[in-house]
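Below are the chains, spelled out letter by letter.
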Amino acid sequence: MTVNEGWDSFKTNRWINFDTIPSSSSQNRPAPRAPEIEVNRKTPDSPSNRANRPRTLSDRGNEILDNHELVSSLYAWNWSELRENYPEKGIQNPSIYCYAISCVQLLSHVPAIVRILQDHQCQDTACLCCNWKKNFLQSHGHAGTINWFREAFKKDRKFNQGRQEDAHDALLAILGKLDKISVQSNPRLKGRKVADDLFGYSIRNEVQCPGCKNKHVYYEHNTVMTVRMLRKDPSGKSHSIKELMQALFTESKIFGYNCSKCKKKSDAPVKPTLLRAPQILLMHISRFSFDGWGKKISRPVTLNETLDVTSMATAGASTVYKLCGAVIHGGTTLDYGHYWCVARSRKREEQFVTLNDSSVSQHTNPRDALQSYIVLYRRREHLANVGNEKSMI
Ligand SMILES: [Zn+2]
Ligand SMILES: [Zn+2]
C-alpha cells in the first residue's frame, strides 16, 4: 500500500503533501521568537539549517519546537479531513462502565483520533481500535456498546475488578494503547508517539541561583495536563480553568537547589513557561483532597469558552483554544457517582451535546460544566465557523 492510497476525497492537501515536505523547509521553520538570554548552552552540533535561525532558545528547546511543527502535517485536525463524519450517538452501559464510556465519547470528538481509527485495521478480535470503530462509531443502532473496552484491557486487572474506576486512569490507559496500536498498523506513524503528538506539551523551567545569578533550564513533557483546585476564594467566587492553569505557571521556589556553577546550596526561584503549546489541550482537574482518603473537592470550576495561553507561553507565543468537551463527574468520591460527557458536536461545531451513557441530548445543562473532571480544548484555527464570544452552553 502506498501512503497516498484512497486519499483523493480529502478536502485539504496536507496529508498528500506530507512526503514532499522536508522538516527543514521554510514552511516548517519556527517563526522568530523574542530574544532571550541563552543559558547553559551546550556546544552546538546543529544541522546547517539551524545556523541562520535566530538564537532564541537552547538547542534542546528548538528541537522540541521543530518536532512539534512537523506534527501539524501528520494528522487530521478538523472534521473536514475525515473519510466520513458520524452522528452523535450514546453507548449502552451494562453496569459500571460510565468512566470508560465518558472517555471514549470525549476522545471520539478529537478529529485526529477518529481519523486514526478510520485508517486502522488488524486481525485482533480484542483490538481497542477495531472495536471502538465497529461497535461505536460505525454501529447502526441508536447506541454503541462498551464490552470491548474490558476485552481490550483484559490483562489489566484494574479495569476488571467489577467496580467503577477513575476516568483519568481510563483516559491514560486508552491513550497508551492507542499509541501502540496506531504505530503498529499505520506506516505513516512509524516511530511516532501519537499521544504525545496530539496532546503533548512542554514546560520550560528556568531556575536562577540567588548567589551567582547563573541560570539553569530544564524541560518537562507530558500529555494530560493536571491542574489543581485552588484554595477557596473568600468571596465565594468560582475559579476558572484558566486560573487553575495559570497557577501551574507561577514562579515558585526550589528548596535546597544545588548550583552547578558556584556549588552553593540555596532556595532558588523557578519560573515555568509553556514552551510547546499542545495541538489539543487535555486537562485533568485534580479534585482529590489531601486531608482525607478518597475525598472529592466538589467546588465548581468555570470552563472558559476561549482560552488564550499567551500569558503562560515562553516568549509570549500566542495560542488560542476553544472549549470542545469535558468529562463531568457527579458524586462525592471519584470512585463512585457517575461520569458523563459534554462535547462540541462533530457535525455542528457551534453546538454542544450531552452524551450520558446511551442517551444523547442536544442541550447541555450549564451546571454540568462546573463539575468537570477532564477538559478538552482544540486550537481555534482547527474549528470551522465558531464565534469568539459565544458561551458554551
Ligand atoms: Zn485493530
Ligand atoms: Zn550559583
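Residues numbered from 1 in each chain as written. Chains lettered and ligands numbered in written order. Predicted model: local features only at pLDDT ≥ 70, side-chain atom pairs only at ≥ 80, totals over all residues. Heavy atoms only, no water.

Can you help me understand the packing of helix H3 (residues 111-119) against helix H4 (residues 128-137) in this one?
Packed helix pairs are characterised by how far apart their axes lie and by the angle those axes make with each other. Direction vectors running N to C along H3 and H4 enclose 100°, while the axes themselves pass 9 Å from each other. Classed by the angle they form, the pair H3 and H4 counts as roughly perpendicular. Across the interface between the two elements, Ile113, Val114, Leu117 and Gln118 from H3 touch Cys129, Trp132, Lys133 and Leu137 from H4. Residues belonging to the contact of H3 with H4 are distributed by class as follows: six nonpolar, one polar and one charged. (Axes fitted to C-alpha atoms, helices over the stretch in contact; angles between N-to-C directions. Helix = DSSP H or I, 4+ residues; strand = E, 2+ residues; numbered from the N terminus. Parallel < 35°, antiparallel > 145°, perpendicular 65-115°, else oblique. Contact = heavy atoms within 4.5 Å. Nonpolar A, V, L, I, M, F, W, Y, C, P; charged D, E, K, R; others polar.)

Looking at this structure, I do not really get the coordination of the zinc ion (ligand 2). What am I missing?
Ideal geometry at a metal centre: 109.5 degrees between donors when four sit tetrahedrally, and 90 or 180 degrees when six sit octahedrally. Coordination of the zinc ion (ligand 2) by the protein comes from Cys209 (SG), Cys212 (SG), Cys259 (SG) and Cys262 (SG), over a distance range of 2.3 Å. Within one chain, the residues serving as donors to the zinc ion (ligand 2) are arranged as C-x2-C-x46-C-x2-C. (Donors = N, O, S within 2.8 Å, 3.2 Å for Na, K, Ca; no water.)

For this particular structure, what's the right way to read the packing of aromatic side chains?
Two numbers describe a pair of aromatic rings. These are the distance of the centres and the angle of the planes. Per the stated rule, a full pass over the model turns up nine aromatic pairs. Between tyrosine 99 and phenylalanine 149 the ring centres are 6.0 Å apart and the planes differ by 80°, which places this aromatic pair in the edge-to-face class. Taken as a pair, tyrosine 99 in helix H2 (residues 98-107) and phenylalanine 149 in helix H5 (residues 147-152) lie far apart in primary sequence, 50 residues in all. Residue phenylalanine 149 is classed as buried on the basis of its relative accessible area, which comes to 0%. Geometrically, the ring pair formed by tyrosine 339 and tyrosine 373 is tilted, given 6.1 Å between the ring centres and 35° between the ring planes. (Phe/Tyr/Trp six-rings, centres within 6.5 Å; stacked < 30°, edge-to-face > 60°. Buried < 20%, exposed > 50% of the residue type's maximum accessible area, 1.4 Å probe, protein only.)

Would you mind showing me how to read the packing of H4 against helix H6 (residues 167-185) here?
Between H4 and H6, the shortest axis-to-axis distance is 9 Å and the interhelical angle comes to 105°. Classified by the angle their axes make, H4 and H6 are roughly perpendicular. Within the contact between the two elements, H4 uses Leu128, Cys129 and Trp132 and H6 uses Ile174, Lys177, Leu178 and Ile181. Residue composition of the contact of H4 with H6, by class: six nonpolar, no polar and one charged.

Just to check I follow, could you spell out the coordination of the zinc ion (ligand 1) for this structure?
The coordination sphere of the zinc ion (ligand 1) contains the protein donors His120 (NE2), Cys122 (SG), Cys127 (SG) and Cys130 (SG), at a distance range of 2.0 to 2.3 Å. The site at the zinc ion (ligand 1) holds four donor atoms, and with the angles between them running 103 to 114°, its shape is tetrahedral. Written as a sequence motif, the donor arrangement for the zinc ion (ligand 1) is H-x1-C-x4-C-x2-C. (Tetrahedral: all angles 85-135°; square planar, octahedral: opposite > 155°, others 65-115°.)

What should I look at first to understand the nonpolar core in this one?
Side chains that are nonpolar tend, in soluble globular proteins, to be buried together. The biggest cluster of nonpolar side chains holds 64 residues, and the ones touching the most others in it are Tyr75, Trp132, Phe149 and Phe199. Apart from the residues within four sequence positions on either side, tryptophan 132 is in contact with Val104, Leu107, Ser108, Ile113, Leu117, Leu137, Trp148, Ile174 and Leu178. Counting 30 residues, the second-largest nonpolar core is a separate cluster that includes Met229, Leu244, Met245 and Ala369. (Core = buried A, V, L, I, M, F, W, Y, C linked by side-chain atoms within 4.5 Å.)

Teacher, can you tell me more about the pairing of strand S7 (residues 252-258) here?
Successive residues of a regular strand alternate their side chains across the two faces of the sheet. In the sheet, S7 pairs with strand S8 (residues 265-276) via five bridges, with the strands oriented antiparallel. Paired with tyrosine 257 across the bridge in S8 is serine 266. Hairpin geometry of S7 and S8 is characterised by an intervening segment of six residues between the two adjacent antiparallel strands and by a positive phi of about 65° at lysine 263. (Pairing = 2+ DSSP bridges.)

Please clarify how the pattern of salt bridges should be interpreted in this entry.
Any two side chains of opposite charge can pair, on the condition that their charged atoms come close. Applying the stated rule across the entire model yields 17 salt bridges. The residue glutamate 243 makes a salt bridge to lysine 237 at a minimum N-O spacing of 3.3 Å. Lysine 237 sits in the partly exposed class, given a relative accessible area of 43%. Among the salt bridges present, the one from lysine 322 reaches glutamate 305, with a minimum N-O distance of 3.8 Å. Of this pair, lysine 322 sits in strand S12 (residues 320-330) while glutamate 305 sits in the loop between strand S10 (301-302) and strand S11 (306-308), and the two are 17 residues apart along the sequence. Within the structure, one salt-bridge network assembled from shared partners comprises Lys158, Arg163, Glu165 and Asp169. (Salt bridge = Lys/Arg side-chain N within 4 Å of Asp/Glu carboxyl O.)

Looking at this model, I keep getting lost on the environment of leucine 376. Mind explaining?
Along the chain, the position of leucine 376 falls in strand S16 (residues 372-379). A residue is classified by how much of its surface remains accessible, and leucine 376, at 0% relative accessible area, is buried. Along the backbone, leucine 376 and leucine 106 are 270 residues apart, and their C-alpha atoms lie at a distance of 7.8 Å. Ignoring anything within four residues of it in the chain, the contact list for leucine 376 reads Leu106, His109, Val110, Phe199, Ile280, Leu281, Leu282, Lys322, Leu323, Cys324 and Gly325.

What am I meant to see in H2 here?
Because the α-helix completes a turn every 3.6 residues, residues three or four places apart line up on one side. Across the ten residues that make up H2, a large majority, ten, are buried. Along H2, the residues that are buried comprise Cys98, Tyr99, Ala100, Ile101, Ser102, Cys103, Val104, Gln105, Leu106 and Leu107.

How should the sheet that holds strand S3 (residues 201-208) be read in this particular structure?
Each strand in a sheet pairs with another by means of backbone hydrogen bonds, the pair being arranged parallel or else antiparallel. If you walk across this open sheet you meet the four strands as S4-S3-S8-S7, and the pairing is antiparallel. Both outer strands of the open sheet, strand S4 (215-222) and S7, are each paired with one neighbouring strand and no more. The mean angle between the axes of side-by-side strands here comes to 35°, regardless of whether they run parallel or antiparallel. Relative to S4, S3 runs antiparallel, the two sharing eight bridges.

Hey, could you run me through the state of the cysteines in this one?
Two cysteines joined by a covalent bond between their sulfur atoms form a disulfide. Using the criterion set out here, one finds zero disulfides in the structure. Cysteine 127 provides the cysteine sulfur closest to cysteine 129, a residue in no disulfide bond, and the two sulfurs are 4.9 Å apart. (Disulfide = S-S within 2.5 Å.)

When you look at the side chain of lysine 322 in this model, what are you seeing that I'm missing?
The class for lysine 322 is buried, based on a relative accessible area of 0%. Here threonine 306 takes part through its side chain, which lies 2.9 Å from a polar atom of the side chain of lysine 322. (Polar contact = N/O pair within 3.5 Å; in protein donor to acceptor, adjacent residues only side chain to side chain.)

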